Amino acid sequence: MRDRRYSAVTMLRRVSALCRAFAVWQEYRMVERGHAAPTIFSGGIRMIDGLGRHITYLRLSVTDRCDLRCTYCMSENATFLPRKDILSLEEMAVIGHTFAALGVRKIRLTGGEPLIRHNITSLVRSLGALVGSGELDELTMTTNGTLLARHADELVHAGIRRINVSLDTLDPDAFAAITRRYRLGEVMNGLSAADAAGLRIKINRVMQAGVSEDDLDRMIEWCGRRGYDLTLIETMPLGDAGSGSNPVSLSSVRADLATRWQLSPMSDRTGGPARYFHVAETGGRLGLITPLSRHFCDDCNRVRVNCRGELRLCLGSGASVDLRPALRQSAPQKAMMDLIRSSIGSKPAAHAFSALSPQTATWSHLPMHAIGG
């Protein structure tokens, strides 16, 4: 009896798998014939890499330019791409819609600083429509906050509900030292405007050597009081600025924080690599992103497209796939689907960063602002 029951279950599983495979094949044939891809069927995943990881998250960079000069991200005299080499917002919209048709459920707009891109809300509206139709679960943005006061309301109206704001300190002088600009007041005004507009806010803080306990504790308390999540990020060895940084292991930071704060692991996930902890004293969430001390490559669900249309399957790899030839064909969505599907299997098993030693790490020659944050 048990053998027959086992055989029946096995047969049902096989039939279910065949039905899913047929649905994917049917959709692909529709795309080949030039028809628009249908809405994603329940549970359907279009992109699975060679290790079985589901690719559901796209980080789309809209510019390599920024109005700050953070020491770990770029040099004071950073050079940027000629404007003619940067994709139009219409082309970026096609890329976003194509990845959504392939099963991506979350898109994050990045830079550089995305809010310095002229008419950025037109792209937000186009991609925000995918959230309204159910083809995306979420459209978000990472910003340094300097221009938020000007754009917060229009971002909400265009379809964004949650943003990440990069902010490494609350001290004006320390902020100027890190960003090479005295603009903390503009960031604070932007956060107030984002609060008023109803945006949910997460603060991203890149951890660097020499940060005092008081400075970090102050930020944890401040985020808790304002209802912001706080995520700490290990400095990544990218470009000349990254290669000169002094990485800090968040394992040691967490151990130090645990002597003053009650931190409890949480199962919460926001679609990215952060592991979250509940801070009992504030009621807030503290996230840790640890690409060096405890990598998260085994379940990586992300790919990046930079502002010139290059698909990067791994942040820590120099390899890229140029989407522009496919993007500029007469049927760009089909051409890109074919190219992306044929490329996704070569996503590396793990990034090339090694441990926490500048002497042994493999540096990427491109800085973060050129790759897309």
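The paragraphs below set out a description of the structure included in this document. (Residues numbered from 1 in each chain as written. Predicted model: local features only at pLDDT ≥ 70, side-chain atom pairs only at ≥ 80, totals over all residues. Heavy atoms only, no water.)

Looking at the overall build of the protein chain
Turning to step 1, where the next piece is worked out: Helix and strand counts for the protein chain come out as 12 helices and 12 strands.
Turning to step 2, where the next piece is worked out: Relative to its 373 residues, the protein chain shows a buried fraction of 53%.
Turning to step 3, where the next piece is worked out: A sequence separation of at least 24 residues applies to 69% of the contacts in the protein chain between residues at least 6 apart.
Turning to step 4, where the next piece is worked out: With the model as given, the accessible surface of the protein chain reaches about 16900 Å², and the carbon-plus-sulfur share is 52%. (Helix = DSSP H or I, 4+ residues; strand = E, 2+ residues; numbered from the N terminus. Buried < 20%, exposed > 50% of the residue type's maximum accessible area, 1.4 Å probe, protein only. Contact = heavy atoms within 4.5 Å. Areas by Shrake-Rupley, 256 points an atom, 1.4 Å probe, with all protein chains shown as cover.)

What about the environment of L323?
Turning to step 1, where the next piece is worked out: Summarising the element assignment, L323 is placed in the loop between β12 (321–322) and α10 (324–327).
Turning to step 2, where the next piece is worked out: Taking the C-alpha atoms as reference points, L323 and R308, 15 residues apart in sequence, are found 8.8 Å from one another.
Turning to step 3, where the next piece is worked out: Ignoring any residue separated from it by four or fewer positions in sequence, one finds L323 in contact with F99, V305, G309, L311, M336, L339 and I340.

Digging into the pattern of salt bridges
Turning to step 1, where the next piece is worked out: Evaluated as defined, the whole model comprises 20 salt bridges.
Turning to step 2, where the next piece is worked out: Here D195 ties to R226 by a salt bridge, and the two come within 3.1 Å at their closest N and O atoms. In this pair, D195 is assigned in helix α6 (residues 184–197) and R226 in helix α7 (residues 213–226), connecting sequence segments 31 residues apart.
Turning to step 3, where the next piece is worked out: Residue classification places D195 among the partly exposed positions, given a relative accessible area of 32%.
Turning to step 4, where the next piece is worked out: The salt bridge partner of D215 is R205, with a shortest N-O separation of 2.6 Å. Of the two residues, D215 is situated in helix α7 and R205 in strand β5 (residues 200–207); the sequence distance between them amounts to 10 residues.
Turning to step 5, where the next piece is worked out: Assessed through its relative accessible area of 18%, D215 is described here as buried.
Turning to step 6, where the next piece is worked out: Judged by relative accessible area, R205 falls into the buried class, the value being 1%. (Salt bridge = Lys/Arg side-chain N within 4 Å of Asp/Glu carboxyl O.)

Observations concerning the sheet that holds strand β3 (residues 138–143)
Turning to step 1, where the next piece is worked out: Here we have 12 strands laid out as an open sheet, ordered β7-β8-β9-β6-β5-β4-β3-β2-β1-β10-β11-β12, and mixed in their pairing. Of all strands in the sheet, those with a lone pairing partner are β7 (263–265) and β12, marking the two edges.
Turning to step 2, where the next piece is worked out: Looking at chain direction, strand β11 (residues 310–312) and β12 are connected through two bridges and run antiparallel. Within β12, the residue paired with L311 across the bridge is V321.
Turning to step 3, where the next piece is worked out: Strands β1 (57–61), β2 (106–110) and β3 of the sheet are contacted by helix α3 (residues 120–132), whose axis makes an angle of about 150 degrees with β3.
Turning to step 4, where the next piece is worked out: Against the sheet, α6 contacts β4 (162–166) and β5, and its axis sits at roughly 150 degrees relative to β5. (Pairing = 2+ DSSP bridges. Axes fitted to C-alpha atoms, helices over the stretch in contact; angles between N-to-C directions.)

Section: the nonpolar core
Generally speaking, soluble globular proteins have nonpolar side chains that are buried together.
Turning to step 1, where the next piece is worked out: F99, L109, L167, L191, I203 and L232 are the most contacted members of the largest nonpolar core, which totals 98 residues.
Turning to step 2, where the next piece is worked out: Sort the elements by how many residues they give to this core and helix α2 (residues 89–101) lands first, with seven residues.
Turning to step 3, where the next piece is worked out: In this view, L191 contacts V165, L167, I201, I203, W222, R226 and Y228; residues no more than four positions away in its chain are not counted. (Core = buried A, V, L, I, M, F, W, Y, C linked by side-chain atoms within 4.5 Å.)

That's the geometry; what it means functionally is another story.
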